[in-house]
Structures are given as C-alpha cells and as structure tokens.
Amino acid sequence: DNQIEQERGSQHLAGGCCALAAIYLMGKFYVANAGDSRAIIIRNGEIIPMSREFTPETERQRLQFLALLRPELLGKEFTHLEFPRRIQPKELGKKMLYRDQNMNGWAYKKIEEDDLKFPLIFGEGKKARMMATIGVTRGLGDHDLKVFSSNIHIKPFLSCFPEVRVYDLTQYEHCPDDVLVLGTDGLWDVTNDEEVAGVVMEVLSSYEPNDPCRYTMVAQELVMRSRGVLKERGWRLANDKLGSGDDISVFVIPLGGPGNYT
C-alpha cells in the first residue's frame with residue numbers, strides 16, 4: 001500500500017484494488033484477505049470458509065469508532081451514528097432508533113441537529129456504501145479517492161491490513177477432488193458457496209483424477225456461469241437473473257495429489 005502511494009505520482013496511476021492471497025508453507029495454507037474477494041475450501045463436499053468480505057456492514061463498528069476518535073475526517077457532512085433511514089428536518093426532537101460503535105443492537109435517541117447529516121454508513125448488503133462512495137473497506141491504493149464534489153478523503157477509513165486464516169493440510173487426508181477456490185466479488189455477487197461447490201463436484205466428476213486440466217475447467221465453468229449468456233436484456237444467468245457485471249477472476253487449487261481413489 002505504501003509502494004502504491006509512492007509510485008502514484010511518478011507513474012501517474014490512481015485507483016485501488018482488493019487483495020486475496022494464498023501461500024503454502026510447511027504443510028499449511030495461509031489465506032490473507034483485504035477486501036470483498038472470498039476463498040473457500042471444499043473438502044469431501046463440505047464447505048470451509050477461508051475468508052470474509054470487508055464491507056461497510058461487516059466493519060461498521062471499526063469505521064464508526066475511527067470517526068468518533070477523529071470527527072474531522074467526516075468533514076462536517078457526515079455523522080458516525082447509524083439510523084434505519086435518513087432523518088428528516090421535521091423529525092428534530094423526536095425519538096429514533098440508532099446505533100453507535102459500541103452497539104450491536106439498536107436503542108432510541110432524541111434527534112438533534114447533527115443527526116441530520118448523512119450517515120457514515122448507508123444502505124444494506126451489497127448496496128451499503130461508506131460516505132456514499134465505496135462499498136469495500138479494505139484493500140490497496142485509493143489514496144486520492146474523495147467523496148463526490150468534496151474535499152473529504154476516503155483513505156483514512158480504508159485498511160490495507162488483511163485478515164489471515166490458516167488451514168493445516170496435515171490434519172486430513174485429501175483426495176484430488178478437495179480444492180481451494182479463490183474468487184473476486186464478481187463470482188460471489190451472483191454465485192453462493194453451495195452453488196460453487198456444486199459446480200466443482202460436477203465438473204471434477206467428468207474428468208479423470210490424474211487429468212491436470214480438470215481444475216482449469218472448473219475455474220472456467222465458474223466464470224462462465226457467473227457471467228451468464230448475452231441476451232437482448234443483457235447478460236443473464238440460467239435462472240434469467242442478471243449475470244455479474246463485475247470482473248470475475250477464479251483460481252481452483254487442488255489440495256490432494258493425483259492418484260487412484262474411489
């Protein structure tokens with residue numbers, strides 16, 4: 001992240017990206033995630049999550065706590081408190097549900113002038129945005145990103161530090177159908193863990209265990225199914241829902257070596 005910041009001037013490059021990495025060391029897989037990509041292990045048909053997405057919803061308390069400590073980062077346009085909906089001026093003095101950085105549940109408070117500001121986190125699920133700008137809260141770069149039509153920087157709220165999960169390969173006997181799947185959010189936006197596991201088992205069963213291309217074909221099938229087919233109304237999945245409009249990158253890594261098995 002520091003290198004991107006140093007080079008953005010000399011290379012004249014702006015923007016940023018999420019990062020998902022897997023490294024194998026001494027019998028263990030270390031999976032590090034900073035962003036909204038995702039990794040899962042599929043072992044004997046069982047799904048084992050190896051990461052979680054970092055979004056305004058999942059990191060609400062960290063973001064609110066930072067905003068509480070450094071209110072100047074909000075530029076007098078945002079409030080660190082969260083409300084179920086936007087507060088209207090006519091609701092001043094009334095009671096409304098809210099939550100802050102210390103709360104998992106909701107409580108009531110009397111609406112004050114500061115509560116009319118736009119909330120730091122607004123929206124739900126994939127539509128949640130921080131400062132009405134970005135839907136992911138960890139990653140690399142984005143040093144110049146600002147709130148639209150303002151001088152408020154987003155970067156102080158974005159973390160480049162990943163969460164690392166460890167999987168010990170020596171604790172289990174893996175077969176060639178056991179895999180680690182790494183995918184960007186373009187895959188997971190339209191395909192859930194169970195559907196990915198289904199595609200993995202379906203494609204692998206059509207190839208011999210010793211065929212090295214079987215894992216490439218799984219990755220290709222996951223990309224194609226998530227993109228869908230181009231029709232008059234855009235890219236559509238098999239169920240006629242919209243396909244992914246985001247970039248889709250997928251890696252399928254075997255955990256078990258080739259061999260004969262039943």
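Residues numbered from 1 in each chain as written. Predicted model: local features only at pLDDT ≥ 70, side-chain atom pairs only at ≥ 80, totals over all residues. Heavy atoms only, no water.

Going by the annotation in an unreviewed UniProt entry, the name recorded for the protein chain is PPM1J phosphatase, with Panurus biarmicus given as the source organism.

1. Remarks on a nonpolar patch on the surface
Taken together, I23, L25 and M26 make up a surface patch of nonpolar side chains, about 360 Å² in accessible area. Mapping I23 onto the fold places it in strand β2 (residues 19-25). Residue I23 is classed as partly exposed on the basis of its relative accessible area of 43%. (Patch = residues over 30% accessible without salt bridge, like charges linked within 9 Å, V, L, I, M, F, W, Y side chains within 5 Å. Areas by Shrake-Rupley, 256 points an atom, 1.4 Å probe, with all protein chains shown as cover. Salt bridge = Lys/Arg side-chain N within 4 Å of Asp/Glu carboxyl O. Helix = DSSP H or I, 4+ residues; strand = E, 2+ residues; numbered from the N terminus. Buried < 20%, exposed > 50% of the residue type's maximum accessible area, 1.4 Å probe, protein only.)

2. What about the pattern of salt bridges?
Within this structure, the stated rule accounts for 19 salt bridges. A salt bridge links R38 to D193; its shortest N-O distance comes to 2.4 Å. Residue R38 is located in strand β4 (residues 38-43), and its partner D193 is located in helix α4 (residues 193-204); the two are separated by 155 residues in the primary sequence. Note that R60 and E82 form a salt bridge whose closest N and O atoms lie 3.6 Å from each other. Residue R60 is found in helix α2 (residues 60-69), and its partner E82 is found in the loop between β6 (78-79) and β7 (95-98); the two are separated by 22 residues along the sequence. Neither R60 nor E82 differs from the other in exposure class; each is buried. Each of E5, R8 and D144 takes part in one network of salt bridges that share partners.

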